[in-house]
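Descriptive structure summary
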Amino acid sequence: MVRTPLTPLERERGRFLGALLRQARGERSMAEIAARAGISAETLRKIETGRAPTPAFFTIAALATTLGLRLDHIAMRCAAVTAPPEEDSAVA
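Below: a short report on this structure. (Residues numbered from 1 in each chain as written. Predicted model: local features only at pLDDT ≥ 70, side-chain atom pairs only at ≥ 80, totals over all residues. Heavy atoms only, no water.)

**Thoughts on the side chain of E48**
Residue position: E48 is located in helix 3 (residues 41-49). Of note is the side chain of E48, whose polar atom sits 2.8 Å from the side chain of R25. Beyond its immediate chain neighbours, meaning those up to four positions away, E48 contacts G18, A19, L21, R22, R25 and M30. (Helix = DSSP H or I, 4+ residues; strand = E, 2+ residues; numbered from the N terminus. Polar contact = N/O pair within 3.5 Å; in protein donor to acceptor, adjacent residues only side chain to side chain. Contact = heavy atoms within 4.5 Å.)

Here it is as structure tokens:
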């Protein structure tokens with residue numbers, strides 16, 4: 001199965017999601033949060049760095065619960081993200 005390449009907007013939203021989760025994690029260790037959410041620390045690392053820009057819904061739901069975030073808040077904040085300017089201008 002061939003996966004459709006992500007758009008610049010999808011990649012930017014993935015980076016934003018990662019930064020949002022990283023900020024919510026604060027001083028807590030990546031290993032601690034990952035274990036509590038039932039995922040690997042490597043998966044959390046990939047999400048936080050934007051290398052996994054479209055994580056599974058249940059992964060985000062578990063992280064949101066662990067970090068004390070509301071899913072509607074995450075969705076609203078990520079929906080407000082726009083594509084990076086340099087990639088938008090290439091389309092025009």
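**Side note on the nonpolar core**
Counting 16 residues, the largest nonpolar core has L17, L21, I39, L44, I60, L63 and I74 as the members making the most contacts within it. The contacts of L21, once residues within four sequence positions are left out, are I47, E48, I60, L63, L67 and L69. (Core = buried A, V, L, I, M, F, W, Y, C linked by side-chain atoms within 4.5 Å. Buried < 20%, exposed > 50% of the residue type's maximum accessible area, 1.4 Å probe, protein only.)

**Here's the deal with the packing of aromatic side chains**
Within this structure, the stated rule accounts for 1 aromatic pair. Their ring planes at 80° and their centres at 5.1 Å tell us that F57 and F58 sit as a pair that is edge-to-face. You can call F58 exposed: its relative accessible area is 68%. (Phe/Tyr/Trp six-rings, centres within 6.5 Å; stacked < 30°, edge-to-face > 60°.)

**What to know about helix 4 (residues 57-67)**
Residues three or four positions apart in an α-helix share a direction because the helix packs 3.6 residues into each turn. Of all the residues in helix 4, the buried ones are T59, I60, A61, L63, A64, T66 and L67. Those residues of helix 4 that are buried lie in contact with helix 1 (8-25), helix 2 (30-37), helix 3 and helix 5 (71-79). Of the residues flanking the end of helix 4, it is G68, one or two places downstream, whose phi is positive at about 75°.

**Some thoughts on the environment of A52**
In this structure, A52 sits in the loop between helix 3 and helix 4. Here the alpha-carbon distance between A52 and G14, two residues 38 residues apart in the chain, equals 7.1 Å. Residues in contact with A52, not counting those within four places in the same chain, are K46 and I47.

**Some words on a nonpolar patch on the surface**
Together, F57, F58 and L71 line one region of the surface with nonpolar side chains, adding up to about 350 Å² of accessible area. By secondary structure assignment, the location of F58 is in helix 4. (Patch = residues over 30% accessible without salt bridge, like charges linked within 9 Å, V, L, I, M, F, W, Y side chains within 5 Å. Areas by Shrake-Rupley, 256 points an atom, 1.4 Å probe, with all protein chains shown as cover. Salt bridge = Lys/Arg side-chain N within 4 Å of Asp/Glu carboxyl O.)

**Considerations on the pattern of salt bridges**
Taken as a whole and judged by the stated rule, the model has 6 salt bridges. Across the pair R15 and E12 runs a salt bridge whose closest N-O atoms are separated by 2.8 Å. A residue pair is termed a helical-turn pair when its members lie 3 or 4 positions apart in one helix, as R15 and E12 do in helix 1 at 3 residues. On the accessibility criterion, R15 (37% relative accessible area) is partly exposed. Since its relative accessible area comes to 22%, E12 is described here as partly exposed. A salt bridge links E48 to R25, with the nearest nitrogen and oxygen atoms 2.8 Å apart. Taken together, the residues span a long stretch of sequence, with E48 in helix 3 and R25 in helix 1 at a distance of 23 residues. Judged on exposure class, the residue E48 and its partner R25 are both buried. Through salt bridges with shared partners, a single network forms among E42, R45 and R51.

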